[in-house]
Amino acid sequence: MTDCLARIAWILLTAAALGDDADLAVARVHSPAVLGRSGTFPDGINGLSASVTLCNDGPGVAAWQAAMAEDHPGVTLNLYRVALADDGVERIEQVGTSWVFHGFAALAQSFCASCSGSLGLSALGPGCSTSDAAAVVGDRFWLGPRGEWDPFAGSWSCLGSWFDGTPVDCLRDETGAGLDPVAHRLQVHDADLLVAGASFLLEAAVLSTDDQDPGDDVAHVGVVPLWTGANWVFSLAAPGQTVAGPAVQSWGDVVTSASLAPDDGELLLAVSVTDLGAGAWRYEYALANLSVGRALDALEVVAGGAASSPFFGDVDEDTGNDWSLETTGDVWSWSLPEGLPTGEPGGGALTWGVAYGFGFTSDRAPVSGTLALSLSDAGPGPDDVLVDTLVPGGFSTWVDLGQAKPGTAGEPRLAGTGPLTTGSPLVLTLADAAPHADVTLVAGAAILAAPFKGGVLVPRPDLLVAGLVTDGAGALSLPFVWPPGIAADTRFVLQAWVQDLGATFGLAASNGLLAIAGG
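On a predicted model such as this, the values are computed, not experimentally measured, just so you know.

### Concerning the state of the cysteines
The final tally for this structure, using the stated rule, is 3 disulfides. A disulfide bridge connects cysteine 115 with cysteine 128, and the sulfur atoms are separated by 1.9 Å. Between cysteine 115 and cysteine 128 the disulfide shows an S-S torsion of about 80 degrees. By sign, it is right-handed. Separated by 13 residues along the polypeptide, cysteine 115 in the loop between β8 (100-102) and β9 (123-124) and cysteine 128 in the loop between β9 and β10 (129-132) bring together distant segments of the chain. Looking at cysteine 128, the relative accessible area reads 0%, which means it is buried. Covalently, cysteine 158 is tied to cysteine 170 through a disulfide, its sulfur atoms 1.8 Å apart. One quick way to see it: the torsion about the S-S bond of cysteine 158 and cysteine 170 is about 85 degrees, and its sign makes the bridge right-handed.

### Details of the pattern of salt bridges
The tally for this structure, following the rule as stated, stands at 11 salt bridges. Where glutamate 93 meets arginine 81, a salt bridge forms, and the shortest distance between an N and an O atom there is 3.2 Å. With a gap of 12 residues between them, glutamate 93 in strand β7 (residues 90-97) and arginine 81 in strand β6 (residues 74-84) connect regions that are remote in the sequence. For glutamate 93, a relative accessible area of 22% gives the class partly exposed. For aspartate 264, the salt bridge goes to arginine 294, with nearest N and O atoms at 2.5 Å. Of this pair, aspartate 264 sits in the loop between β19 (254-259) and β20 (266-277) while arginine 294 sits in the loop between β21 (280-289) and β22 (296-302), and the two are 30 residues apart along the sequence. Of the two residues, aspartate 264 and arginine 294, both sit in the buried class.

### Overview of the sheet that holds β19
Spatially, 5 strands are ordered β19-β20-β21-β26-β23 in an open sheet, and the strand pairing comes out antiparallel. Edge strands, defined here as strands with exactly one partner in the open sheet, are β19 and β23 (308-313). Direction aside, the axes of adjacent strands within the sheet are offset by 15 degrees on average. Bridge analysis of β20 against β21 gives 10 bridges, and the strand direction is antiparallel. Across the sheet, the residue bridging to glycine 277 is alanine 280, located in β21.

### A closer look at the side chain of serine 161
You can see serine 161 is positioned in the loop between β13 (155-156) and β14 (186-189). Leaving out residues up to four positions away in the same chain, serine 161 has contacts with Met68, Glu148 and Trp156.

### Description of the sheet that holds strand β4 (residues 52-56)
In sheet architecture, strand pairing relies on hydrogen bonds along the backbone and comes in two forms, parallel and antiparallel. Taken together, the 3 strands give an open sheet; going across it, the order is β1-β4-β10, and neighbouring strands pair in antiparallel fashion. Looking at strand neighbours, the two that pair on one side only are β1 (24-29) and β10, the edges of this open sheet. Each adjacent strand pair in this sheet contributes to an overall mean axis angle of 25 degrees, direction not counted. The pairing of β4 with β10 spans 4 bridges and is antiparallel.

### Things to note about unusual backbone geometry
In this structure, proline 42 follows phenylalanine 41 across a cis peptide bond, with omega equal to 5 degrees. The topology assignment puts proline 42 in the loop between β2 (33-38) and β3 (45-49). Residue methionine 68 is bonded to the preceding alanine 67 through a cis peptide linkage, with omega at 25 degrees. Within the fold, methionine 68 resides in the loop between β5 (62-63) and β6. With phi around 55 degrees, alanine 278 is a residue other than glycine that occupies positive phi space.

### A look at the packing of aromatic side chains
Inspection of every chain in the model, using the stated rule, returns 22 aromatic pairs. Here the aromatic rings of phenylalanine 41 and tryptophan 227 are separated by 4.1 Å at their centres, their planes lie at 5 degrees, and the arrangement is stacked. Placement of phenylalanine 41 in the loop between β2 and β3 and of tryptophan 227 in strand β16 (residues 218-227) is noted, with a sequence separation of 186 residues between them. Among the residues examined, tryptophan 227 registers a relative accessible area of 22% and is labelled partly exposed. Among the aromatic residues, those joined into a ring-pair cluster are Tyr283, Tyr285, Phe312, Trp323, Trp332, Trp334, Tyr356, Phe358 and Phe360. Directly above the aromatic system of tryptophan 352 lies the positively charged group of arginine 146, at a separation of 5.6 Å from the ring centroid.

Cut-offs applied
- Residues numbered from 1 in each chain as written.
- Predicted model: local features only at pLDDT ≥ 70, side-chain atom pairs only at ≥ 80, totals over all residues.
- Heavy atoms only, no water.
- Disulfide = S-S within 2.5 Å.
- Helix = DSSP H or I, 4+ residues; strand = E, 2+ residues; numbered from the N terminus.
- Buried < 20%, exposed > 50% of the residue type's maximum accessible area, 1.4 Å probe, protein only.
- Salt bridge = Lys/Arg side-chain N within 4 Å of Asp/Glu carboxyl O.
- Pairing = 2+ DSSP bridges.
- Axes fitted to C-alpha atoms, helices over the stretch in contact; angles between N-to-C directions.
- Contact = heavy atoms within 4.5 Å.
- Phe/Tyr/Trp six-rings, centres within 6.5 Å; stacked < 30°, edge-to-face > 60°.
- Lys NZ or Arg CZ within 6 Å of the ring centre and 35° of its normal.

Written as structure tokens, this is what we have:
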């Protein structure tokens, strides 16, 4: 009896700290299993799942309440293929996604560290681990849509969820019964597994409000598929070698990340550049939305007027939701066609937990530069962001970054004309601003994209040029000559702020304008 009372007292004390400094991490990803198939080989679709081991690396206790209670973790699975494209260049593509597995029971195991004891199935103590078998992770009773989760906060609401159904009361109405053999599981086509010479990466991610270190939320492992004549079987490429971090992180020449404000999640961009010879370079990008709840719908890069062989790849087989490409001078822009909904992960806008591929061939060698990305929904972070990467170099061009703040005459437009090369005449113009208004030109060597006076301050404010005034038509023209001594591919960000009584806070702002020097 004394032992029981001591045990109860310990549980009550630790429960008081539930979620306080807990940190769930993906510790091990096991080889996948096929739980269902539809269609016939080699045109079938496979419903995969995998066992995943999670650890609580923090000193606090992680809650593990079963659905329909909300305080529990979720786990997602993704599959990536690395293979040679038609031109012989290596490319990574995501070939499968799953719905979110809602964790419902925590086991007190010691895979990661010494576990001090079980708190029951509804909590995971410090140093403890828990694993769910592939059949459990792929059980549709526990699988819900990704779109119901906030990937940055790691939270989910039962009210009005897929499980909830009608009436909306947080009581389970949907059990996942009656689905086809592959629905909601990690779906992968036979054709994607049959690519000669390909290697595959299985990725698992955990979603949890008990998360002190987002850097350990994702891990991946190499897997090898084999068709037996009746089904696919998978083995680990390197048994026991789970790699921390997203799968895209293990590919490419340069991998960079971009965080969209403190409460808006993270993006990851990997690039591989191959010298094809004869003055041609192949650029392959993989853009992963790790934890941004807002979907991305556009990507812009200075590829060059002579660029060729564009590539876009999403996860699904529906070409009707592919991003379309528009070229304007040296700028190439992929964007989601207007009117298309976000849809389920894998096609359409780039939602969290998904990666898309972009590529082209350029006659310019790589330099350090940026890609411009746009998000479709408003949020705490900027709607447009620049991500550092490798891009074709040697250009002299102007790139519109958006983020204008409207005033009396609409959105002021800042534009530049002329080559940004030594001694070249240039003109910086401002249009659609308030007439006879004071203007301050903000210039910086980097993008800031910070909220300011009801708008977005796009440049880092390294230099302010005040004392400018628009004419009676709300326009301003600034002719100048590009000075010597500025190295090729040097980048500047500009924006005009206009005093305007018709705008909020008495200020309107132009779009941001990126100037890339040609030397």
